[in-house]
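Residue strings, one per chain:
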Amino acid sequence: WPDRVNFGRVVLGGEGLAEVVLRNDGEVRAQLRIGATDSLALGGSIALEPGQVRRLLLRWVPERGGHTEGEIVFELVASGAEILRVPLVADVLAAELVVDAELDFGVVPVGQRLLRELVLRNDGQAPLSIDKVEVDGAYAVRWDGPQVLAPGEERVVAVELVAGAEGAYSGLLRVLSN
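What this report covers is the structure whose coordinates are included nearby. (Residues numbered from 1 in each chain as written. Predicted model: local features only at pLDDT ≥ 70, side-chain atom pairs only at ≥ 80, totals over all residues. Heavy atoms only, no water.)

## Description of the nonpolar core
Counting residues in each nonpolar core, the largest one holds 20 residues, and the members touching the most others are Val5, Phe7, Leu22, Leu58 and Phe74. Of all the secondary structure elements, the ones that give two or more residues to this core are β1 (5-11), β2 (16-23), β3 (30-36), β4 (44-48), β5 (53-60), β6 (66-76) and β7 (83-93). The element contributing the most residues to this core is β7, with four residues. Non-local contacts of Val5, meaning those with residues more than four positions away in its chain, are made with Ala18, Val20, Leu58, Val86, Pro87, Leu88 and Val89. Membership of the second largest hydrophobic core comes to 15 residues, among which are Val108, Tyr139, Val159 and Leu161. (Core = buried A, V, L, I, M, F, W, Y, C linked by side-chain atoms within 4.5 Å. Buried < 20%, exposed > 50% of the residue type's maximum accessible area, 1.4 Å probe, protein only. Helix = DSSP H or I, 4+ residues; strand = E, 2+ residues; numbered from the N terminus. Contact = heavy atoms within 4.5 Å.)

See below:
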């Protein structure tokens, strides 16, 4: 039995794959029931004849970023009591979108257009997929997307205000990403 299964570095939203080798060194058939915690796509049972070796490909889809742990549980069906718990570990890399908090257009004469730039940056450890950037109200956005930002990379978004009448304007910028 492995003492632990390390999936290494896995991107959040992706999957980690690892192989476990099981071997029956006993003299009788071993029927194992398999269960798992977290997002390990595994379950059911497996039979091992004496001397038989089986390889299991484990697929783990982590649900959160950072150092993540779980476990796979093997139970010997015949006794029902012998349970082996094998820790699972992965370092899950996540993208982190950082956007300037606010754009202030100041005073804009009626009928004029004013353009401001906004920086979108990936402060995470995994690629950031930006599918769409949109804004509502009297604003328009210039975005050449979709785009993927590597960790540490940034893109500039141009936001334009068209002041059609006197008064205060506000809008909400939406960035659709992973």
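Moving on from the coordinates now.
## A few points about the sheet that holds strand β12 (residues 147-149)
Read across the sheet, three strands follow the order β12-β10-β14 without closing on themselves; strand pairing throughout is antiparallel. Strand pairing shows two members of the sheet lacking a second neighbour, β12 and β14 (173-177), which therefore form its edges. Taking each pair of neighbouring strands and ignoring which way they run, the sheet shows an average axis angle of 40°. Across three bridges, strand β10 (residues 128-135) lies against β12 in antiparallel orientation. The residue of β12 that forms the bridge with Ile130 is Gln147. (Pairing = 2+ DSSP bridges. Axes fitted to C-alpha atoms, helices over the stretch in contact; angles between N-to-C directions.)

## A look at the pairing of β2
Note on strand geometry: in a regular strand, side chains alternate between the two faces of the sheet. Side chains Gly16, Ala18, Val20 and Leu22 of β2 all project onto a buried face; the interleaved residues Leu17, Glu19, Val21 and Arg23 project onto a face where none is buried. Looking at chain direction, β2 and β5 are connected through eight bridges and run antiparallel. Looking at β5, one finds that Leu17 is bridged to Arg59.

## Comments concerning the packing of aromatic side chains
Here a ring pair, both rings aromatic, is described through the centre-centre distance and the interplanar angle of the planes. Inspection of the entire model under this criterion finds two aromatic pairs. On the numbers, 5.4 Å between centres and 50° between planes, the contact of Phe105 with Tyr139 is tilted. Placement of Phe105 in the loop between β8 (97-99) and β9 (113-122) and of Tyr139 in strand β11 (residues 139-142) is noted, with a sequence separation of 34 residues between them. Of the two residues, Phe105 and Tyr139, neither departs from the other in class, the shared state being buried. (Phe/Tyr/Trp six-rings, centres within 6.5 Å; stacked < 30°, edge-to-face > 60°.)

## Section: the sheet that holds β11
Across the sheet, which stays open at both edges, the four strands sit in the order β8-β9-β13-β11 with antiparallel pairing between neighbours. Of all strands in the sheet, those with a lone pairing partner are β8 and β11, marking the two edges. Going across the sheet, the axis of each strand differs from the next one's by a mean of 30°, ignoring polarity. Taken together, the three bridges between β8 and β9 define a ladder with antiparallel strand orientation. Each residue of the ladder has a partner; that of Leu97, found in β9, is Asn122.

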